[in-house]
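# Structural features, examined
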Amino acid sequence: MFEISGTRITITRGDTALLSITAEGVELTKNDRAVFTVSKGNGGIMMEKVAVPDGENRVLIPFLNSETQRWKEGSYSWDVRYILGALTDERGRVYDGDEVLTPIRPGELTVIKAVGSI
């Protein structure tokens with residue numbers, strides 16, 4: 001199960017999903033990046049994904065079974081930040097840019113228990 005309501009995301013542990021975020025108020029280019037981060041209650045990073053805009057002012061964030069299967073049930077925080085004119089290292093991680101924008105306030109990601117297993 002994958003459900004989005006406002007800034008609240010719910011996913012069943014082990015599921016796959018694709019989150020689509022459309023930028024508003026800014027035109028993203030191929031030189032920009034979006035960084036989607038999910039953090040644990042202790043401030044540690046549970047997931048960080050760097051996405052390249054798709055040409056329609058949208059970024060796609062995949063949730064893979066190999067990632068979500070390791071997550072514990074519970075509530076976490078997430079946000080997305082746009083880095084305009086992003087500079088990236090050889091692994092694709094963003095380390096700087098011309099501007100950094102956080103378009104929406106951080107949201108809640110809830111991981112729920114799956115009854116069955118694969």
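Before reading further, recall that the structure is shown in the block above.
Here's a quick rundown of the structure. Model, not experiment: these values are computed from the prediction.

Conventions and cut-offs
- Residues numbered from 1 in each chain as written.
- Predicted model: local features only at pLDDT ≥ 70, side-chain atom pairs only at ≥ 80, totals over all residues.
- Heavy atoms only, no water.
- Core = buried A, V, L, I, M, F, W, Y, C linked by side-chain atoms within 4.5 Å.
- Buried < 20%, exposed > 50% of the residue type's maximum accessible area, 1.4 Å probe, protein only.
- Helix = DSSP H or I, 4+ residues; strand = E, 2+ residues; numbered from the N terminus.
- Contact = heavy atoms within 4.5 Å.
- Salt bridge = Lys/Arg side-chain N within 4 Å of Asp/Glu carboxyl O.
- Pairing = 2+ DSSP bridges.
- Phe/Tyr/Trp six-rings, centres within 6.5 Å; stacked < 30°, edge-to-face > 60°.

### Observations regarding the nonpolar core
Core analysis: the biggest nonpolar cluster contains 25 residues, and Phe36, Phe63 and Leu109 have the highest contact counts within it. Put simply, the parts of the chain that give this core at least two residues each are strand E2 (8-12), strand E3 (17-22), strand E4 (33-39), strand E5 (45-51), strand E6 (58-63), strand E7 (74-84) and strand E11 (107-112). Filtering out sequence-adjacent residues up to four positions away, Phe63 remains in contact with Phe2, Ile11, Asp15, Thr16, Ala17, Leu19, Phe36, Met47, Thr68, Trp71 and Leu109.

### Here we look at the pattern of salt bridges
Side chains bearing opposite charge may pair, as long as their charged atoms lie close to each other. Enumeration according to the criterion identifies five salt bridges in this entry. Glu108 is the salt-bridge partner of Arg8, the closest N and O atoms lying 3.0 Å from each other. In this pair, Arg8 is assigned in strand E2 and Glu108 in strand E11, connecting sequence segments 100 residues apart. By relative accessible area, which is 36% here, Arg8 ends up partly exposed. Exposure remark for Glu108: the relative accessible area of 30% places this residue in the partly exposed category.

### Some details on unusual backbone geometry
Of note, Asn57 is a non-glycine position whose phi angle comes to about 65 degrees, a positive value. Here Asn57 falls in the buried class, since its relative accessible area comes to 9%.

### As for the pairing of E6
Burial along E6 is one-sided: Val59, Ile61 and Phe63 are buried, and none of Arg58, Leu60 and Pro62, which face the opposite way, are. In this structure, E3 lies alongside E6, joined through six bridges in antiparallel fashion. Among the inter-strand pairings, Leu18 is bridged to a residue of E6, identified as Pro62.

### Here we look at the packing of aromatic side chains
Evaluation of the coordinates by the stated rule reveals four aromatic pairs. Look at Phe36 and Phe63: their rings are 6.0 Å apart centre to centre, the planes differ by 75 degrees, and that puts the pair in the edge-to-face class. One end of the pair, Phe36, is in strand E4; the other, Phe63, is in strand E6, and 27 residues separate them in sequence. Across the pair, Phe63 and Phe36 agree in class, each one buried. Ring centres of Phe63 and Trp71 lie 6.1 Å apart, and the angle between their planes is 85 degrees; this geometry places the pair in the edge-to-face category.

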